[in-house]
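# Reading the structure
Single-letter residue listing:
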Amino acid sequence: ECVSVPGFELVPYTRGATDTGMGSEMAAELDRALSLYVGADLEPIAQTTVLRYAGRDLVCPLTDCEKQDILEFTELLAMAGLSGRVLCRHFSYWNRDHFRATFEALTGSEGLVAVSSRRRDGVHLEVGSRDKAYVCRPSHVRAEEVSLDARLLDSLVASRAFDCWSRVLESIVNFNAANTDSGYTAERVELVLLCGAVERLLDVRGGNERELVEKFCSRFPSQAAPALSDCQRLARDGMSDRFRGVSTCAEVWIRDLFRLRGDLSHGRVREQYPSVWAASEHLALGSVAYPLLLKSVLHDTDEYEFSHADRCQAHSFELLLCQAKLDHETWTTIADEATWSQATLDAIRDPDITFSGGGT
């Protein structure tokens, strides 16, 4: 199904298809270019998505400025994909790297392929035989189909003219970078990126914990939040004493994230701060909280209206914070999948759900 947003179209494409809407010669060129991309079985990937400017041919030349514009749009596309993701579904999971953009030159020396890669001192270019070249899909990119938060994507595209856009975009880029699942990116790096994304989104400057807490909590009101006394996570010995004066689990969480990030962002490979949530737990919980924060900021610009699902998700975030254990191993079990599902069900049943823009 073709997806259209102002300025762009996402067009599903199947190699070898006859109803492409383009000439047979151009379709053959596109098929030839896509044949380089293979899956884990080293067989060419049959289906892909072609991104094009609205009203232009599926295959057309692009200027450097247009390429940069497309790369920015794919960040928004990835954000909409991450917002539409539901955790704890084994066969329906995706990450930022499912939305990578690749530019293909369909003309050039017959039988040859050129691959460029970065170096600290410049760029390395390697030319080889096309018959022996291939690009393997990363092992952490598995899902054949993904879902998009279409309302969020439309809102993001419409918000690019606002004064706050550069801050919002920079925040999104950092959040996306924290959600690649690539084995080459350490969790400590992802956690620093996540916290940086939240701080940039909320326009928190100078690493000010108090300002971060105030702005974060204003976007997660506590009217329907569980009492701190009911939080299994804080029931451990001495845990609540570290957060005296704190009123909600969300406030504990953002303080804990900020303090853990402080350890890791100043050069420590292993944190010394005794965090309430492990880094892996913070990353997963952050993948729930950040899209809601982003929608709250967009709501302030009148470009986004909260849905019932958003309000349920905001409330369930606090419920998830109260779970005694949320590590990656237990999330893969049926019992923990039920925990996440039950949190959402409890939120839907609660008539006192409130979630609104924060007005920072």
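Residues numbered from 1 in each chain as written. Predicted model: local features only at pLDDT ≥ 70, side-chain atom pairs only at ≥ 80, totals over all residues. Heavy atoms only, no water.

## Here we look at the environment of Tyr 273
Examined against the element boundaries, Tyr 273 turns out to sit in the loop between helix 7 (249-265) and helix 8 (279-300). The exposure class assigned to Tyr 273 is buried, which follows from its relative accessible area of 16%. When the C-alpha positions of Tyr 273 and Arg 259 are compared, they lie 7.2 Å apart, and in sequence the two are 14 residues distant. When neighbours within four sequence positions are excluded, Tyr 273 is seen to be in contact with Arg 242, Phe 243, Asp 256, Arg 259, Leu 260 and Asp 263. Within the structure, the side chain of Tyr 273 is placed 2.7 Å from the side chain of Asp 256, a separation counted as a polar contact. (Helix = DSSP H or I, 4+ residues; strand = E, 2+ residues; numbered from the N terminus. Buried < 20%, exposed > 50% of the residue type's maximum accessible area, 1.4 Å probe, protein only. Contact = heavy atoms within 4.5 Å. Polar contact = N/O pair within 3.5 Å; in protein donor to acceptor, adjacent residues only side chain to side chain.)

## So, unusual backbone geometry
Of note, the phi angle at Asp 203 is positive, near 60 degrees, even though the residue is not glycine. Within the secondary structure layout, Asp 203 lies in the loop between helix 5 (187-201) and helix 6 (209-217). Judged by its relative accessible area of 21%, Asp 203 is partly exposed. Positive phi, close to 65 degrees, is recorded for Asp 302, a residue that is not glycine. Looking at the secondary structure, you find Asp 302 in the loop between helix 8 and helix 9 (308-321).

## Some remarks on the nonpolar core
By size, the foremost hydrophobic cluster in this structure holds 73 residues, and its most contacted members are Phe 216, Trp 253, Leu 294 and Phe 317. If we ignore the near neighbours within four places in the chain, the residues touching Trp 253 are Phe 216, Trp 277, His 282, Leu 285, Gly 286, Ala 289, Phe 317 and Leu 321. In terms of nonpolar packing, the next biggest core, distinct from the first, is built from 7 residues, Val 11, Ala 27, Leu 30 and Val 50 among them. (Core = buried A, V, L, I, M, F, W, Y, C linked by side-chain atoms within 4.5 Å.)

## Observations regarding the pairing of strand 5 (residues 112-119)
Direction of pairing for strand 5 relative to strand 6 (residues 122-129): antiparallel, over a ladder of 8 bridges. Paired with Leu 112 across the bridge in strand 6 is Ser 129. Between the end of strand 5 and the start of strand 6, which pair antiparallel, lie 2 residues. (Pairing = 2+ DSSP bridges.)

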